[in-house]
Amino acid sequence: DTNGNIEYVNQKFLDLTGYSREELIGKNPRILKSGETSPEEYKRLWKTISEGGAWKGVFHNKKKNGELYWELASISPIKDKDGKITHFLGVKEDITDRKRAEEALQKTLKELSELNKNLDKRVDEELRKNREKDRILIQQSRLAGMGEMIGNIAHQWRQPINALGIIIQNLIPAYENKKLTRKYLENVVQKSMDIIKNMSGTIDDFRNFFKPEKEKEQFSIKEAIEKTISFMEASLTDYNIKVEFKFTKDVLRMGYFNEYCQALVNILSNARDAVIEREIKKANIWIELKEKDGISCVTISDNAGGIPEDIIDRIFDPYFSTKPQGTGIGLYMSKMIIEKSMGGRLFARNILDKKRGKGAQFTIEL
Ligand SMILES: Nc1ncnc2c1ncn2[C@@H]1O[C@H](COP(=O)(O)OP(=O)(O)OP(=O)(O)O)[C@@H](O)[C@H]1O
Ligand SMILES: [Mg+2]
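Now for a quick tour of the structure. (Residues numbered from 1 in each chain as written. Chains lettered and ligands numbered in written order. Predicted model: local features only at pLDDT ≥ 70, side-chain atom pairs only at ≥ 80, totals over all residues. Heavy atoms only, no water.)

**Looking at the site of ligand 1**
Thought 1: Ligand 1 sits among 21 residues. The nearest are Asn270, Ser321, Thr322, Lys323 and Thr327.
Thought 2: A distance of 2.8 Å separates an oxygen atom of ligand 1 from a polar atom in the side chain of Asn270.
Thought 3: The element best represented in the shell around ligand 1 is helix H8 (residues 257-277), accounting for 3 residues.
Thought 4: Residue composition of the shell around ligand 1, by class: 10 nonpolar, 8 polar and 3 charged. (Near = heavy atom within 4 Å. Polar contact = N/O pair within 3.5 Å; in protein donor to acceptor, adjacent residues only side chain to side chain. Helix = DSSP H or I, 4+ residues; strand = E, 2+ residues; numbered from the N terminus. Nonpolar A, V, L, I, M, F, W, Y, C, P; charged D, E, K, R; others polar.)

Written out as structure tokens, the structure reads:
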């Protein structure tokens, strides 16, 4: 009625709330209140309908037995022909199942998003760990490269240091033999300065060699090989290792010149280590440059006896080494350089040649 008291309820309403018709007639629907809807909301409802408007909303109501249920309610006034409100009509739908499904969905969504967040965190963590590993590897390979550089400078300086020593030792006999003229001294100074200039040039060469490059550039494969040979020459000839370089024609490729040389240094120093360790009498390294369909193919072969078959699958793994002092990152880094940073290919196999003997052969395709 116009006071909001119940005049009529249908059977479905009784089934849902558990009340009997007698219990409800004459009562205000507030007996279903669960206390979750705010007094302001009820005020708004009442104001809306008493002013002739329709109100729609959701209540969390209580059944007779105390159980809660959700209802979607639409309440509107019924007017007589003069426009006076005579009754209020409430049409209600039990949406408890829908609400529950919604809640379950919300819960699942929340769990999913939580899981997602964790997943992101886990992926980030793994990425960070990987970056850390890479950083350590790069650091180690830089150290190994520096070791190689210092070793090569030492080899290259041996001869000029000897020459300087002889020049200085000859000064006293020259003085005693009264040969120490101004001209003699000028000659000595000139010769010594030339040697020293040369030695300092060596340091610059090696420094440049290890400078990292940022941009890919077109470079000559032949030049990279020749530069690497001259870089390694002193340390190879000190061990009587002969290096032969053959090429049909030069190939120009895009990439990082110094890094390419770095990979060559790693392969050449491995060949050097192998012939030294196995005490090969006539040690040889053959480097060949070929071209096929614009792609360069460089093979570096030695006659040190080859890579044992049981480890050949592992030589490119990081930290795999058979040497007491080896870090095992030389070949791993070389593969990263050629394949990951330049998109080429690096692989190894053993070869047996009638004339050359048995040895390892590394191939770089770029
Ligand atoms: N030319 C070769 N002949 C025989 N074995 C080789 C040859 N090149 C590489 N190997 C094998 O592959 C292993 C891995 O080489 P890699 O250059 O990655 O590491 P390493 O030389 O042991 O150490 P690092 O280069 O870090 O000082 C070597 O320990 C060696 O057993
Ligand atoms: Mg090595």
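**Points about the sheet that holds strand E8 (residues 295-302)**
Thought 1: Reading across from one edge, E5-E7-E8-E10-E9 is the order of the 5 strands in this open sheet, with mixed pairing throughout. The two strands at the open ends of the sheet, each matched to only one other strand, are strand E5 (242-247) and strand E9 (345-353). On average, each strand axis in the sheet is inclined to that of its neighbour by 20°, with strand direction left out of account.
Thought 2: In this sheet, strand E7 (residues 284-292) lies alongside E5 in parallel orientation, the contact comprising 6 bridges. Residue Glu244 lies in a different strand from E7, and its bridge partner there is Trp286.
Thought 3: On top of the sheet, helix H9 (residues 330-341) reaches E9 and strand E10 (357-365); it is set at about 120° to E9, its chief contact. (Pairing = 2+ DSSP bridges. Axes fitted to C-alpha atoms, helices over the stretch in contact; angles between N-to-C directions. Contact = heavy atoms within 4.5 Å.)

**Some points on the packing of aromatic side chains**
Thought 1: Under the criterion given, the structure shown has 7 aromatic pairs.
Thought 2: Aromatic side chains Tyr42 and Phe59 sit 5.8 Å apart centroid to centroid with 10° between the ring planes, which places their arrangement in the stacked category. Here Tyr42, found in helix H3 (residues 39-50), pairs with Phe59, found in strand E1 (residues 55-62); they are 17 residues apart in sequence, far enough to count as distant.
Thought 3: The class for Tyr42 is partly exposed, based on a relative accessible area of 22%.
Thought 4: Members of the aromatic cluster, joined through ring pairs, are Tyr42, Trp55 and Phe59. (Phe/Tyr/Trp six-rings, centres within 6.5 Å; stacked < 30°, edge-to-face > 60°. Buried < 20%, exposed > 50% of the residue type's maximum accessible area, 1.4 Å probe, protein only.)

These figures come from the coordinates and say nothing about function on their own.
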